[in-house]
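# Structural characterization, general
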Amino acid sequence: MSETTTITPARAAAGAGHTSDFRPIADYGLLADCNSAALVSRDGSVDWLCLPRYDSSAIMARILDPEGGHWSIRPTGDYTTERRYLPGTLVIETTFRSDSGAVRLLDCMAFAAGQRGHDLGFDARHELLRCVEGIAGEIELELELAVRPEYGLIRPLIRLDEGGARTFGSGRVGVSAGVALDVDDEAVVRASFTVGEGERSGFALRWAAAEQKAPPAPTPAAEVPERIEDSAEAWRSWEAEHDIYEGPSKELVRQSSRVLKGLTYRPTGAIVAAPTTSLPETVGGERNWDYRYSWIRDSSLTIEALYIGACSDEAGEFVSFMTSAAGGRAGEGSLQIMYGIGGEHDLSERELTHLRGWRDSAPVRVGNGAWDQVQLDVYGELLNSLWLYQEKLGDLHPEIQQFVADLADTAARRWRETDSGMWEMRGEPRHHLSSKVLCWVALDRAVKLADQLGPYAKVAEWEAAREEIRAAVLERGWSERRGAFAQSFDSDDLDAAQLLMPILGFLPATDERMKSTIDAIADDLTEDGLVLRYRNEEGLNADGLSGEEGTFTICSFWLVACLAQAGEVERAQKLFDQLAAYANDLGLLAEEIDTANDEQLGNFPQAFSHIGLIKAAYELDRAKGAAT
């Protein structure tokens, strides 16, 4: 994947308030250390960085406001830029070329020295590494570092010291630099320097807790190239241990698997939905959510995707995380739809009114108000993961046996209730069909796991409840007017979540009712061939919010999977190729696609979207194999 872009450096006037102050979402690349993440733009600016965790306050947030903090390294004049991930890694190589020469910028988040394979992410250094290497000629570059803790609220005290600088107070960081630094009255660290062919300049930024007595000690500038190479080898070692997918879309699947690994919080096994908050689903709209938490739905599907693409060893940690976060119980409100990555329950939502939001899409939110919603699909999603990974998990401990049984019992008891649905609608609760189907999945997988549940198995009860749900879905979920399974009981509204019915084994895609549903969604719930979650019009599918949203990337990949399962391989392949073409030059996908502007929208990169790509590629491979 490669794309060359010509850039003329320019600085927006202070207070101009133009949407041109913001880079397109797809201009960014992901750096991660399995603890936190950074986003770096095509022109070499780190515009999002949270330390020490994905959900920590950002110390750089220019992606949400020009004053939010950043760290840029770029040529001073006109230049072209081209970038890629080093093979098998999440280390970004950006090549700048100008009339006078060319340089290479390497960026990564550091792993502990010598860390390899399954250990990636333990004992994190909380350090961002950058290195400029001269390729040809000579180029003058400029560095700007504006550390802005607490999402840009703080302009910290900065002191230059030998070999770098450090800040004091909240969001304490130390910086090492292979060039001379200066600091201005606006608390911006600056440098101008020249790099010639064969020359290198290293830079490092390391975070330390305020309670830590010693100041943060970043990697010395001279050692940065070696540490970047060590971190690159760490990524390659993980892929070498886990790379099993050999289909035609191997490179896309491998890259998506790396992204999913990069969104895994190694200390607990939690998986974040995305590393960002409040990148909007519609420019100027209010659908701006914080996705830096661990959803049962997203995490369970991540585990399934890693099973396909990387034979993941992360399943045990995830199951342990979810079991302990729920206190070992699924009923009586103990199982939430999401948790903090440390197992936190209260994710109360608030607005950061001092931030403009990406392209003035306010409000910017931290926390997520959906944490206490009722979503009955979670029982099926979690049990499906347990069933899928039963061999990897081995003999289940008694507390896991009881937890699995509790999940099934709760699904059997509660499936008749209304809920907010898997799309977390903030309107009135409904009898969402997808929630009923996932309750069926919960009971179906519990029955299949019964031999491993010892005295907690209740096969006869679970089978009876499973069949009761199936009958209700087939009767009350079908819309004669639409000729399709609808969004909720006794409704005529369409919902892309019904594409999960064949994917999860409720009905085969070749069933006439399912084929009719797939066609109805493809015909009536798409824009330019890509799938919407639902129609959000006044009085129809009201979700309690104003405005529209773009097409939902994972739903479009679900359509690919369903078409492949139905034997429509050519149609499925065409849609898969269309979707894959929307990925940026680094192979990254956001939550949504605005087909009118060919632009990615929503939090980025989105685990859900990369999950969808892996599953769709797998189903295409199976369909092609069956056709030959």
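Please refer to the structure placed before this passage.
Criteria and thresholds
Residues numbered from 1 in each chain as written. Predicted model: local features only at pLDDT ≥ 70, side-chain atom pairs only at ≥ 80, totals over all residues. Heavy atoms only, no water. Helix = DSSP H or I, 4+ residues; strand = E, 2+ residues; numbered from the N terminus. Buried < 20%, exposed > 50% of the residue type's maximum accessible area, 1.4 Å probe, protein only. Salt bridge = Lys/Arg side-chain N within 4 Å of Asp/Glu carboxyl O. Phe/Tyr/Trp six-rings, centres within 6.5 Å; stacked < 30°, edge-to-face > 60°. Lys NZ or Arg CZ within 6 Å of the ring centre and 35° of its normal. Pairing = 2+ DSSP bridges. Contact = heavy atoms within 4.5 Å.

Among the structural elements, His-345 can be located in the loop between strand E20 (338-339) and strand E21 (350-351). By relative accessible area, which is 31% here, His-345 ends up partly exposed. A sequence separation of 20 residues divides His-345 from Ala-325, and the C-alpha atoms of the two residues are 7.9 Å apart.

The final tally for this structure, using the stated rule, is 52 salt bridges. We note a salt bridge from Arg-74 to Glu-142, for which the minimum N-O separation is 3.4 Å. Taken together, the residues Arg-74 in strand E6 (residues 70-75) and Glu-142 in strand E10 (residues 127-146) connect sequence positions 68 residues apart. You'll find Arg-74 and Glu-142 in the same group, each marked buried.

What the rule picks out here adds up to 14 aromatic pairs. Three or more aromatic residues joined by ring pairs make a cluster, and in this case those are Trp-423, Phe-552, Trp-558 and Phe-608. The ring centre of Phe-489 lies 5.4 Å from the NZ or CZ of Lys-436, which sits over that ring. Over the face of the ring belonging to Phe-552 we find Arg-533, whose NZ or CZ atom lies 4.4 Å from the ring centre.

This paragraph deals with the sheet that holds strand E27 (residues 551-552). Taken together, three strands build an open sheet; the order of strands is E27-E28-E29 and the sheet is antiparallel. The outermost strands of the open sheet, each flanked by one partner alone, are E27 and strand E29 (599-601). In this structure, strand E28 (residues 592-594) lies alongside E29, joined through three bridges in antiparallel fashion. Counted as the bridge partner of Asp-594 is Glu-599 from E29.

What follows is about the side chain of Ser-72. Note on placement: Ser-72 falls in strand E6. Aside from chain neighbours lying at most four places away, what touches Ser-72 is Gly-44, Ser-45, Arg-62, Arg-130, Glu-142, Leu-143 and Glu-144.

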